Amino acid sequence: MALDPRFGLTLRAGKEARALELVEEAELDAFKKRLPRATREFVEAVGFRGGPGRFCALPNAEGGLDRFVAVHGKRGRYFETFGALASSLPAGVFSLVSDLGEAEATEAAIGFGAGAYRFEKYRATRLETPRLVIPKAADREKVESTLASIYLVRDLINTPTNDLGPKELADAARKIAREFQARVRVVVGDKLLDEGFPLVHAVGRASAEAPRLIDMRWGRRGPEIVLVGKGVCFDSGGLDIKPASAMKLMKKDMGGAAHALGLARMIMAAKLPCRLRVLIPAVENAVSGSSFRPLDVLPSRKGKTVEIGNTDAEGRLVLADCLTAAGKPDLLIDFATLTGAARVALGTELPALFTNDDRLAAELAEGAERAGDPLYRLPLHRDYRKALRSDVADLNNTNEGGYGGAITAALFLEEFVEPGVPWAHFDVMAYNLGSGPGRPRGGEAMGMRAAFEAIATRVRAQTKAG
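The rules behind the values
- Residues numbered from 1 in each chain as written.
- Predicted model: local features only at pLDDT ≥ 70, side-chain atom pairs only at ≥ 80, totals over all residues.
- Heavy atoms only, no water.
- Pairing = 2+ DSSP bridges.
- Helix = DSSP H or I, 4+ residues; strand = E, 2+ residues; numbered from the N terminus.
- Contact = heavy atoms within 4.5 Å.
- Axes fitted to C-alpha atoms, helices over the stretch in contact; angles between N-to-C directions.
- Buried < 20%, exposed > 50% of the residue type's maximum accessible area, 1.4 Å probe, protein only.
- Expected span 1.5 Å × (residues − 1).
- Lys, Arg positive; Asp, Glu negative; His and termini not counted.
- Salt bridge = Lys/Arg side-chain N within 4 Å of Asp/Glu carboxyl O.
- Polar contact = N/O pair within 3.5 Å; in protein donor to acceptor, adjacent residues only side chain to side chain.
- 1 Å grid on protein atoms, 1.4 Å probe; cavity = no way out; pocket = protein on both sides within 12 Å on 5 of 7 lines; lining within 4 Å.
- Points joined across faces, edges and corners; volume = space filled by probe spheres on them.
- Nonpolar A, V, L, I, M, F, W, Y, C, P; charged D, E, K, R; others polar.

Some points on the sheet that holds strand E1 (residues 9-10)
Phase 1 of the analysis: Within the open sheet, the six strands sit side by side as E1-E6-E5-E2-E4-E3. Their pairing is mixed. Strands with a single pairing partner mark the edges of an open sheet, and in this sheet they are E1 and strand E3 (55-59).
Phase 2 of the analysis: Relative to strand E4 (residues 65-72), strand E2 (residues 18-24) runs parallel, the two sharing six bridges. When the sheet's bridge partners are listed, valine 23 is paired in E4 with valine 71.
Phase 3 of the analysis: Contacts from helix H3 (residues 78-86) reach E2, E3, E4, strand E5 (92-96) and strand E6 (130-133) within the one sheet, and its direction differs from that of E2 by about 140°.

Written as structure tokens, this is what we have:
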């Protein structure tokens, strides 16, 4: 099967390919000393110094530039090195001549492909970019699957809401389902009430586009894994409306749904022996005469009532019904662009992880290390549960004062998880505010590759044991 040309990768070098050599930053001075005198003087004259992803073109005897040397900063960080090269090398084809093992070559190809990403759907012209020959040692199947999911997540998040509302999000799920022969059922509008999703309906009912519940299933054997993703396609804040500065990026508020679909795609592409279910509440939190209001008391699928302390805390509401619908799977994971408090605590580049299971936390930490996809565990400090008390209902959807907001949001969600179910909640930014190596500005998959590594390890271990 042909590679997606957007990945910036190619299978064949061809005569026009230029050699690309890696040099460890610590060995750069020794490398320079080994160069012929004229070449060394050229390298010094152009100011070639250390730094991950920096490169220099070396002249040949005829004065042509057919050999490039690039600096690799830290062992095990090939994603960053090749992600930087994808956005800095000149146009043309490059073939890596340095030997890498399978894991390193795979990460290098994924990093280059991630760095080559451009969201050009609305541009009339496209820039010519460099291409890398996939190293022979790389796991091509993993490279393609990972990049396809990263691009899927980024494309969905970057697409503005006028082209990606609840209907289009459901269409995206159907497209993925067709690719892998999965089954999709979509519950629309008032049928949500008939089928027991009152919180999803309440949050989405004010929009001109009806709310939806997307339910995708794949696989018939193995452990049951349920992924839940927050699909708020735009969040005005509702009647507790956001200021313009806070509303500007709210096309990304369906980033959790994008992550769930991206992770589901990785699982299906890898043919993991499991029973996969994906639940996505697809809504727009809009303002109209049908908006839910502060201090409304709403029923939930679980039977617990929720008093609305703030209509801008809508994400946890739509997730609550889906976490209840998940039942008692072997593993439950949700992704959501849920709280600004998580960003205050950890910044925009580090997803917050909450889990009720220490073994699962360790597996996710190991997966993050293997994939170079960082995350950080925050505590489910249950003494903070008192902040969600209501005088008139079972729960309030916010805590007064906002202190520990990421924790109290996670504690709210936990109320809708069945006891004993291993559960992880990712509170993600889902967006790069600036560009970095392999991570261009815009929508971003955060924690997805770490989650896949953990799921794959767990599923394969359970299959082997069973």
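Additional details are given in the paragraphs that follow.
A closer look at H3
Phase 1 of the analysis: Within H3, nine of the nine residues are buried, which leaves it mostly tucked inside the rest of the structure.
Phase 2 of the analysis: Three or more residues of H3 are buried, namely Tyr78, Phe79, Glu80, Thr81, Phe82, Gly83, Ala84, Leu85 and Ala86.

Here we look at helix H6 (residues 166-180)
Phase 1 of the analysis: The end-to-end C-alpha distance of H6, which contains 15 residues, comes to 22 Å, matching closely the 21 Å that a straight helix rising 1.5 Å per residue would cover.
Phase 2 of the analysis: Considering only its buried residues, H6 is in contact with helix H5 (140-158), strand E7 (183-188), strand E8 (212-218), strand E10 (231-235), helix H10 (255-269) and strand E11 (275-285).
Phase 3 of the analysis: Positive phi appears at glutamine 181, one or two residues downstream of H6, with a value of about 55°.

Details of the side chain of aspartate 334
Phase 1 of the analysis: Looking at the secondary structure, you find aspartate 334 in strand E14 (residues 331-336).
Phase 2 of the analysis: Although aspartate 334 is buried, it makes no salt bridge; lysine 230 carries the closest opposite charge, 9.9 Å away.
Phase 3 of the analysis: A distance of 2.9 Å separates a polar atom in the side chain of aspartate 334 from a polar atom in the side chain of tryptophan 423.
Phase 4 of the analysis: Of note is the side chain of aspartate 334, whose polar atom sits 2.6 Å from the side chain of histidine 425.
Phase 5 of the analysis: Those residues in contact with aspartate 334, other than ones at most four positions away along the chain, are Val228, Leu319, Leu323, Leu413, Trp423, Ala424, His425 and Phe426.

Re the layout of surface pockets
Phase 1 of the analysis: Put simply, the largest pocket is a space of about 1,200 Å³.
Phase 2 of the analysis: Mapped by element, the contributors of at least two residues to the lining of the largest pocket are H3, helix H4 (102-115), H5, H10, helix H13 (358-371) and helix H15 (448-465).
Phase 3 of the analysis: Residue classes in the lining of the largest pocket are distributed as 18 nonpolar, eleven polar and 18 charged.
Phase 4 of the analysis: The computed volume of the second largest pocket comes to approximately 900 Å³.
Phase 5 of the analysis: Along the walls of the second largest pocket sit 31 residues, with Asp4, Arg6, Tyr151, Leu152 and Asp155 positioned nearest its centre.
Phase 6 of the analysis: Only H5 and H6 provide two or more residues apiece to the lining of the second largest pocket.
Phase 7 of the analysis: Counting residues per element, the lining of the second largest pocket draws most heavily on H6, which supplies six residues.
Phase 8 of the analysis: Along the lines of polarity and charge, the residues of the lining of the second largest pocket split into 13 nonpolar, three polar and 15 charged.

Geometry only, nothing functional implied.
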